[in-house]
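Close look at the chain arrangement
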Amino acid sequence: MSNCSKRFQVVSAIFMVLFSVVPAMADDEVMKQTNMTVFFQDYSADFGTFVMTDDLVTEGPELTSAVVGRGQGISITTGLDGINAYVSFSLVFTNDAYNGSTLQVQGNGNRFLAVREYSVVSGTGKFRYARGYLTFETHFSDPSTFYTLFRVNVTIRHY
Ligand SMILES: *[C@@H]1O[C@H](CO)[C@@H](O)[C@H](O)[C@H]1NC(C)=O
Ligand SMILES: *[C@@H]1O[C@H](CO)[C@@H](O)[C@H](O)[C@H]1NC(C)=O
Ligand SMILES: *[C@@H]1O[C@H](CO)[C@@H](O)[C@H](O)[C@H]1NC(C)=O
């Protein structure tokens, strides 16, 4: 193969790379913002170092309120002082509006703060490319039954 045709191959490879990148950049749709408040109906005893959760997520605070989905994931106490916890979970939607879509949530912070904030790092379905944050607040707690009701405010941007 001549040097000239090798050079042509290199140049055309570079063009192919450029052309495959440009359309993605041109596809610059405006992101929408979605805010929602949901409630996590939690029955786990949150005193261990490793907690797996599969919480019912509802529209309102009542247990009988309309189902939004499930909050499924883990919380691990990571601080040597026992204060910080690493949280990683998915909000798996089953309601009419977002059935089959998910949000992926991650963060590390003081688990005793009145308001805990975590990142929404991505999503699937209607929430592809989602980014944002959510807050957890303890709305009600009954230690005798290990029941805690969290109010969760979600603020995300997505396409
Ligand atoms: C969502 O919440 C943010 C932050 O609180 C606010 O700035 C924004 O206007 C809200 N967006 C909608 C669509 O309600
Ligand atoms: C959500 O999707 C599943 C699987 O496709 C389906 O079985 C279920 O009926 C749907 N639920 C709602 C509320 O649309
Ligand atoms: C969460 O949203 C509710 C309204 O739905 C609001 O009253 C509350 O202050 C919000 N909490 C945080 C931490 O932003």
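Up top is the structure these notes are about.
Just so it is clear, the model here is predicted, and its values are computed rather than measured. (Residues numbered from 1 in each chain as written. Chains lettered and ligands numbered in written order. Predicted model: local features only at pLDDT ≥ 70, side-chain atom pairs only at ≥ 80, totals over all residues. Heavy atoms only, no water.)

Comments concerning the side chain of Thr 148
Mapped onto the elements, Thr 148 comes out in strand 8 (residues 147-158). Residue Thr 148 is classed as buried on the basis of its relative accessible area of 14%. Other than its neighbours up to four places away in sequence, Thr 148 contacts Phe 40, Gln 41, Asp 42, Thr 138, Phe 140 and Ser 141. (Helix = DSSP H or I, 4+ residues; strand = E, 2+ residues; numbered from the N terminus. Buried < 20%, exposed > 50% of the residue type's maximum accessible area, 1.4 Å probe, protein only. Contact = heavy atoms within 4.5 Å.)

Quick look at the environment of Asp 55
By the secondary structure assignment, Asp 55 is in strand 2 (residues 50-58). Placed 16 residues apart in sequence, Asp 55 and Phe 39 show a C-alpha to C-alpha distance of 9.4 Å. Residues within four places of Asp 55 in sequence aside, it is in contact with Phe 40, Gln 41, Asp 42, Tyr 43, Gly 69, Arg 70 and Gly 71.

Things to note about the site of ligand 2
Taken together, Thr 94, Asp 96 and Asn 99 make up the full set of residues near ligand 2. For ligand 2, an oxygen atom lies 2.4 Å from a polar atom in the side chain of Asn 99. Relative to its unbound accessible area of 360 Å², ligand 2 is 26% covered by the protein chains. (Near = heavy atom within 4 Å. Polar contact = N/O pair within 3.5 Å; in protein donor to acceptor, adjacent residues only side chain to side chain. Areas by Shrake-Rupley, 256 points an atom, 1.4 Å probe, with all protein chains shown as cover.)

Structural notes on the pairing of strand 8
In terms of burial, strand 8 is a largely internal element, nine of the 12 residues being buried. Pairing of strand 1 (residues 32-42) with strand 8 involves 11 bridges; the strand directions are antiparallel. Looking across to strand 8, one finds that Thr 34 is bridged to Ile 156. Where strand 7 (residues 131-142) lies against strand 8, 11 bridges are found, and the strand directions are antiparallel. The residue bridging Phe 136 from the neighbouring strand is Val 152, located in strand 8. Between strand 7 and the antiparallel strand that follows it, strand 8, lie four residues; Phe 146 among them carries a positive phi value of about 60 degrees. (Pairing = 2+ DSSP bridges.)

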